[in-house]
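# A structural walkthrough
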Amino acid sequence: MAEPRMAAQEQYRVPPERLRWTCEPETFPFTTTAEIPPAENIIGQERAVRALDFGLTVQQPGYNIFITGAVGTGRTTYARAKVREVAEKKPTPPDWCYVYNFQQPDQPVTISLPAGTGRVFQKDMEDLVEELRTELRRVFSSEDYERRRREALEYYEAKVTSLLQETEQRARERGFLVQRTSTGIFTIPLDAQGRPLSAEDFSRLPPEERELLTQASREVQGEVEEALRRAKTLEREAREAVRRLEEETGLFTTAPLIARLKEKYAAYPKVLAYLNQLQKDVLQNLDIFRDESTPAPPEALVRYKVNLLVDHAETRGAPVVLEPNPTYYNLFGKVEYRPGPSGMTTDFTMVKRGALHVANGGYLILHAGDLLANPFSWSALKRALKSQEVRIENIGEMLTLVPSVTIRPEPIPLNIKIVLIGSPVVYTLLYTLDEDFRKLFKVRADFDVDMQRTPENLQLYASAIGAICQRQNLLPFDRSGVAKVVEYSARIAEDQEKLSTRFNDVIEVIYEASAWAGLEGSAVVSAQHVRRAIEEKILRSNRIEERIREMIKTGQLLVDVTGEAVGQVNGLAILNVGDYTFGKPTRITARTFVGGRGVINIEREAEMSGRIHSKGVFILASYLGGKYAQDKPLSFSASLTFEQLYEEIEGDSAASAELYALLSDLAGVPIQQGIAVTGSVNQKGEIQPIGGVNEKIEGFYYVCKAMGLTGRQGVIIPHQNLRNLMLQEEVVEAVRNGQFHIWAVRTVEEGIEILTGLPAGVPDDKGRYPEGSINGRVDRRLREMAERMRQFSRPEVPKESPGGSDSGSSAGSIQKERRGKQKGDQRVRRKSG
């Protein structure tokens, strides 16, 4: 069997030259990266660059941008740089201020001013209030004002005094005295000598005279009351005169000060309207300005402040904001409160801005995952984009059932372009489930994870490495170091014809290689430093891999790498431990026996099989049926399992290995245990490509190395995965020296020939396979199982007893009873169905 086996293996063996792409240092026309100009643009992302350029060009609503791609592809860095480049050529948006609304104090008013003017206006208002306080205090404490005020008061006091004196004189002429008391004004009759008439004297008067005095007293009392009413009117006139004097004085004092600002801001109607309202309010509240002995409380002057919400004095071009924590308040602003004697209070100066206010007129960059993780942020952002205005509303106002007293700032018009960064999965979910998303984000910029390995891209990659070294003050890389970094990039891409654009992973190796070169005192980074950086990076993370390898070596995990076994093969799985992925060999066994249950997936029965793995087992069962059950029913039972598996298994990359184990057990032919297998299979027996081929091969190689390389060990892979091979140099060297082997197959037949050394066998015109072939042995075994199943299912005929016809009657009755029971069971099953 050795010669056919060697022939089969030699036919499909992969030469060492195809196991790894090697980048020759002579490819690069420089000595070190210090000699080449750094790359200015991102490389390998032409599609995403064009989409982003287009999205930044279109200014119509709805053309916001969603950037998709894997983490580490440079999507955020490039987006920030590109958006800033575009923003520098755009006009700077205006400043935004909130001012007091004198007509509706609970609705602060917005004022828009050119960039940098907001802080000037804020300072002008502060100076105005200070000047008003100074000038009004000076004017109202001047001698001229006091004289005019005193004259006005004296004028009305004289008129009141004259009126009261005239009233008292007329009353005396009629024989009454007007007497003022704390409880009012009374009229008292006088006797002939002009003295007040006492109550006793009044009572001794004749009734007719008392009646006349009483009637006269009423008349005089009426005149006195009328005089008092006129006196109060004069007092009101006096107060009004003083008020007019104050307003005239205040207007005379404030008009020039406010007129100066009106002239300065004549081009801004909202500022002029605000100054007019402010002037009226000042004249109505002169007391808070003029009295030095009782200074006005701070809250009394708050209304004259300016809340500079957005200040673009230092902004050049359009603003670009990257909000790392897009909570609702960080995006839309908020109204703050302060504790007071009567509870929590607020005013328009406590209105705080959000990222949308700062980025208004420019660009806002957000990460979709962070945005969706914050309650209310996504829905509020959509409302703002659809209404094209940003409102400042506290979350509590949206959730409470009982509305509270608060302020409602005037909305600000919104002119902004949003750049969302997220994964393709998030984009697909939003596009499918959110009807507003496709209307608001019409441009998608998709960042790829790899690019073609062309000569131009190789030079661009070298330029990118040089740019990183210059930007981060790293040691320069020589040509050999650049070549190793490029090879590592191809390893990450898992493709000999491509390079990875996941620059974050590449940059880590660049940083660490520079550090190792520095520790060795080298002036440049060479291939040996890059190689050490990769090895040390693996060493920091492969503890679990080494522990599994040790368990296999000591026999705790049963994996054979020598000898032969029937119905047993080494499959290859991928384990991911966060930052590190490695291959792990696993024993797969199959047992076949007479029955009718077909292929039993033990992992599925134990609920340890993922859906894709279960699908793979169903496919190989269909392959067996299509291959061997064209002229007979496929009547057999088989079980498949991953031995010593204690976690869920997913994926179909072990389907071919499971099929090989089944064929081995059916044919009774042993499989070489030094050969591991990976690859999925379809119903026609074609081997299909899988992922993680490098890790799987290396995982089995290092197990074989730990247990002793024999020169007959290796791995069978799908032929489609040849271009994905970027094996470590040690593995390639072992293959070159004949210590390890890689075989690439296209069909199940090719793989089983390598594993067993027997030909698979081709059917003749009658569909019969050669006796010595694998297919012939399997076909014969399946026919034997089908025959046994027919024997087991054939009903037994009882022998005739000495009783003659009675015995026959008894046997017939038994058979009738059985047939009746079967029919009854069928009726029960139909009814249950």
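Small disclaimer: the values here were computed from a predicted structure and weren't measured.

### Observations concerning the overall build of the chain
A count of helical and extended segments in the chain gives 30 helices and 29 strands. Against the compact-globule benchmark of 28 Å for 833 residues, the chain has a radius of gyration of 49 Å, which places it well outside the compact range. Dimensions of the chain, computed from the C-alpha atoms along their principal axes, are close to 170 × 100 × 50 Å. When burial is assessed residue by residue, the chain has 46% of its 833 residues classed as buried.

### With respect to the nonpolar core
Of all hydrophobic cores here, the largest spans 70 residues; its most connected members are Phe 121, Leu 364 and Ile 418. Not counting residues within four places of it along the chain, the set of residues in contact with Ile 418 comprises Asn 64, Ile 65, Leu 356, Leu 364, Leu 366, Leu 381, Leu 385 and Phe 441.

### Looking at the sheet that holds strand 15 (residues 417-422)
With parallel pairing, five strands are arranged side by side in an open sheet as 7-12-15-1-16. Strands with a single pairing partner mark the edges of an open sheet, and in this sheet they are strand 7 (320-322) and strand 16 (443-446). Taken over all neighbouring pairs, the strand axes of this sheet differ in orientation by 20 degrees on average, direction set aside. The sheet contact formed by strand 1 (residues 65-68) and strand 15 spans four bridges and is parallel. Bridge pairing in strand 15 links Ile 67 to Ile 421. Across the face of the sheet, helix 2 (residues 46-57) comes into contact with strand 1, strand 12 (363-367), strand 15 and strand 16 while running at roughly 150 degrees to strand 16.

### Considerations on unusual backbone geometry
With a phi close to 55 degrees, Gln 388 is a non-glycine residue in the positive phi region. Relative to the helices and strands, Gln 388 resides in the loop between helix 14 (377-387) and strand 13 (389-390). Take Gln 388: its relative accessible area is 40%, and that puts it in the partly exposed class. We note that Glu 494 has phi near 55 degrees; this positive angle belongs to a residue other than glycine. Relative to the assigned elements, Glu 494 resides in the loop between helix 19 (479-493) and strand 18 (498-500).

### Here we look at the packing of aromatic side chains
Counted by the stated rule, this structure contains 28 aromatic pairs. Ring centres of Tyr 427 and Tyr 431 lie 5.9 Å apart, and the angle between their planes is 25 degrees; this geometry places the pair in the stacked category. Remark: Tyr 431 and Tyr 427 occur in helix 16 (residues 424-433); sequence separation between them is four residues, near one turn of the helix. Under the relative-accessibility criterion, Tyr 427 is labelled buried at 12%. Between Phe 700 and Phe 740, the ring centres sit 6.4 Å apart and the planes meet at 45 degrees, which makes this aromatic pair tilted. Residue Phe 700 is found in helix 26 (residues 693-707), and its partner Phe 740 is found in the loop between helix 27 (729-736) and strand 29 (741-745); the two are separated by 40 residues along the sequence. Among the aromatic residues, those joined into a ring-pair cluster are Tyr 100, Phe 102, Phe 121, Tyr 265, Tyr 268, Tyr 274, Phe 289, Tyr 304 and Phe 348. The cationic tip of Arg 444 hangs over the ring face of Tyr 427; the distance from NZ or CZ to the ring centre is 4.4 Å. Here the guanidinium or amino end of Arg 532 rests over the ring plane of Trp 516, the centre of that ring lying 3.9 Å away.

### Side note on the confidence of the model for the chain
Overall, the prediction assigns the chain a mean pLDDT of 87, with 91% of residues at 70 or greater. Under a pLDDT of 50 for its full length, residues 800-833 has, in the predicted model, five contacts with residues more than four places off or in other chains.

### A few points about the sheet that holds strand 29
With mixed pairing, the seven strands of this open sheet are ordered in space as 22-23-21-20-25-28-29. Only two strands of the sheet have a single partner each, and these edge strands are strand 22 (598-601) and strand 29. Strand-to-strand twist across the sheet, computed as the mean angle between neighbouring axes with direction ignored, equals 30 degrees. Pairing geometry for strand 20 (residues 568-576) and strand 21 (residues 581-593), over nine bridges, is antiparallel. Note that in strand 21 the partner of Ala 573 across the bridge is Lys 584. Relative to strand 22, helix 24 (residues 611-628) is tilted by about 165 degrees, and along the sheet it contacts strand 22 and strand 23 (637-642). Against the sheet, helix 28 (residues 748-756) engages strand 25 (675-677), strand 28 (714-718) and strand 29, with an angle of about 150 degrees to strand 29.

### Some points on a nonpolar patch on the surface
A cluster of nonpolar residues, Val 425, Leu 429 and Leu 433, forms a patch on the protein surface that exposes about 340 Å² of accessible area. Among the secondary structure elements, Leu 429 is positioned in helix 16.

### What to know about the pairing of strand 12
Along strand 12, four of the five residues are buried, which leaves the element largely enclosed by surrounding structure. Bridging between strand 7 and strand 12 involves three bridges; their strand directions are parallel. Bridge pairing in strand 12 links Leu 322 to Ile 365. Here strand 12 pairs with strand 15 via five bridges, running parallel. The residue of strand 15 that forms the bridge with Tyr 363 is Lys 417.

### With respect to helix 24
Here helix 24 spans 26 Å end to end across 18 residues, near enough to the 26 Å set by a 1.5 Å rise per residue. Inspection of helix 24 places His 613, Ser 614, Gly 616, Val 617, Leu 620, Tyr 623, Leu 624 and Tyr 628 among the buried residues, and these make up the whole buried set. In this fold, the buried residues of helix 24 make contact with strand 22, helix 23 (602-605), strand 23, helix 25 (655-667), helix 28 and helix 29 (774-793).

### Re helix 25
Counted at 1.5 Å a residue, the expected span for helix 25 with its 13 residues is 18 Å, and the 18 Å between its end C-alpha atoms agrees. Backbone geometry just downstream of helix 25 places Gly 668 in the positive-phi region, at approximately 70 degrees.

### Looking at the pattern of salt bridges
One pass over the full model with this rule turns up 49 salt bridges. Of the charged contacts, one joins Asp 434 and Lys 382 as a salt bridge, the two residues approaching to 2.9 Å between their closest N and O atoms. Of this pair, Asp 434 sits in the loop between helix 16 and helix 17 (437-440) while Lys 382 sits in helix 14, placing them 52 residues apart in sequence. Here Asp 434 falls in the buried class, since its relative accessible area comes to 11%. As a salt-bridge pair, Glu 389 and Arg 391 come within 3.0 Å of each other at their nearest N and O atoms.

### Quick word on the packing of helix 4 (residues 117-140) against helix 7 (residues 207-264)
Closest axis-to-axis distance for the helix 4/helix 7 pair is 10 Å, and the angle between their directions is 160 degrees. As far as their axial angle goes, helix 7 and helix 4 are roughly antiparallel. Seen along the crossing, helix 4 lies across helix 7 with a hand that is right-handed. Residues Val 120, Asp 124, Met 125, Leu 128, Glu 131, Leu 132, Glu 135, Leu 136, Val 139 and Phe 140 of helix 4 form the contact with helix 7, whose participating residues are Glu 246, Thr 249, Gly 250, Thr 253, Thr 254, Leu 257, Ile 258, Arg 260, Leu 261 and Lys 264. The class makeup of the residues in the contact of helix 4 with helix 7 is 10 nonpolar, four polar and six charged.

### Topic: the side chain of Glu 695
Looking at the element boundaries, Glu 695 is found in helix 26. Among the residues examined, Glu 695 registers a relative accessible area of 16% and is labelled buried. For Glu 695, the residues in contact, after removing those within four places along its chain, are Arg 491, Glu 494, Ile 574, Thr 581, Phe 582 and Gly 583.

### Digging into the environment of Ser 522
Looking at the element boundaries, Ser 522 is found in the loop between helix 20 (503-519) and helix 21 (527-539). Looking at Ser 522, the relative accessible area reads 24%, which means it is partly exposed. Placed 47 residues apart in sequence, Ser 522 and Leu 475 show a C-alpha to C-alpha distance of 8.7 Å.

### Digging into the side chain of Ser 514
Along the polypeptide, Ser 514 turns up in helix 20. Looking at Ser 514, the relative accessible area reads 8%, which means it is buried. A polar contact is formed between the side chain of Ser 514 and the backbone nitrogen of Leu 475, at a distance of 3.2 Å. Filtering out sequence-adjacent residues up to four positions away, Ser 514 remains in contact with Leu 474, Leu 475 and Val 525.

### Quick notes on the pairing of strand 16
Only one face of strand 16 is covered, namely the face carrying Val 443 and Ala 445; the face carrying Arg 444 and Asp 446 is uncovered. Summarising the sheet, strand 1 and strand 16 pair through four bridges and their orientation is parallel. For Ile 65, the partnering residue across the bridge sits in strand 16 and is Val 443.

Reading guide: rules and limits
- Residues numbered from 1 in each chain as written.
- Predicted model: local features only at pLDDT ≥ 70, side-chain atom pairs only at ≥ 80, totals over all residues.
- Heavy atoms only, no water.
- Helix = DSSP H or I, 4+ residues; strand = E, 2+ residues; numbered from the N terminus.
- Rg over C-alpha atoms; globule rule 2.2 N^0.38 Å.
- Buried < 20%, exposed > 50% of the residue type's maximum accessible area, 1.4 Å probe, protein only.
- Core = buried A, V, L, I, M, F, W, Y, C linked by side-chain atoms within 4.5 Å.
- Contact = heavy atoms within 4.5 Å.
- Pairing = 2+ DSSP bridges.
- Axes fitted to C-alpha atoms, helices over the stretch in contact; angles between N-to-C directions.
- Phe/Tyr/Trp six-rings, centres within 6.5 Å; stacked < 30°, edge-to-face > 60°.
- Lys NZ or Arg CZ within 6 Å of the ring centre and 35° of its normal.
- pLDDT = per-residue confidence, 0-100.
- Patch = residues over 30% accessible without salt bridge, like charges linked within 9 Å, V, L, I, M, F, W, Y side chains within 5 Å.
- Areas by Shrake-Rupley, 256 points an atom, 1.4 Å probe, with all protein chains shown as cover.
- Salt bridge = Lys/Arg side-chain N within 4 Å of Asp/Glu carboxyl O.
- Expected span 1.5 Å × (residues − 1).
- Parallel < 35°, antiparallel > 145°, perpendicular 65-115°, else oblique.
- Left-handed = near helix turned anticlockwise from the far one by under 90°.
- Nonpolar A, V, L, I, M, F, W, Y, C, P; charged D, E, K, R; others polar.
- Polar contact = N/O pair within 3.5 Å; in protein donor to acceptor, adjacent residues only side chain to side chain.

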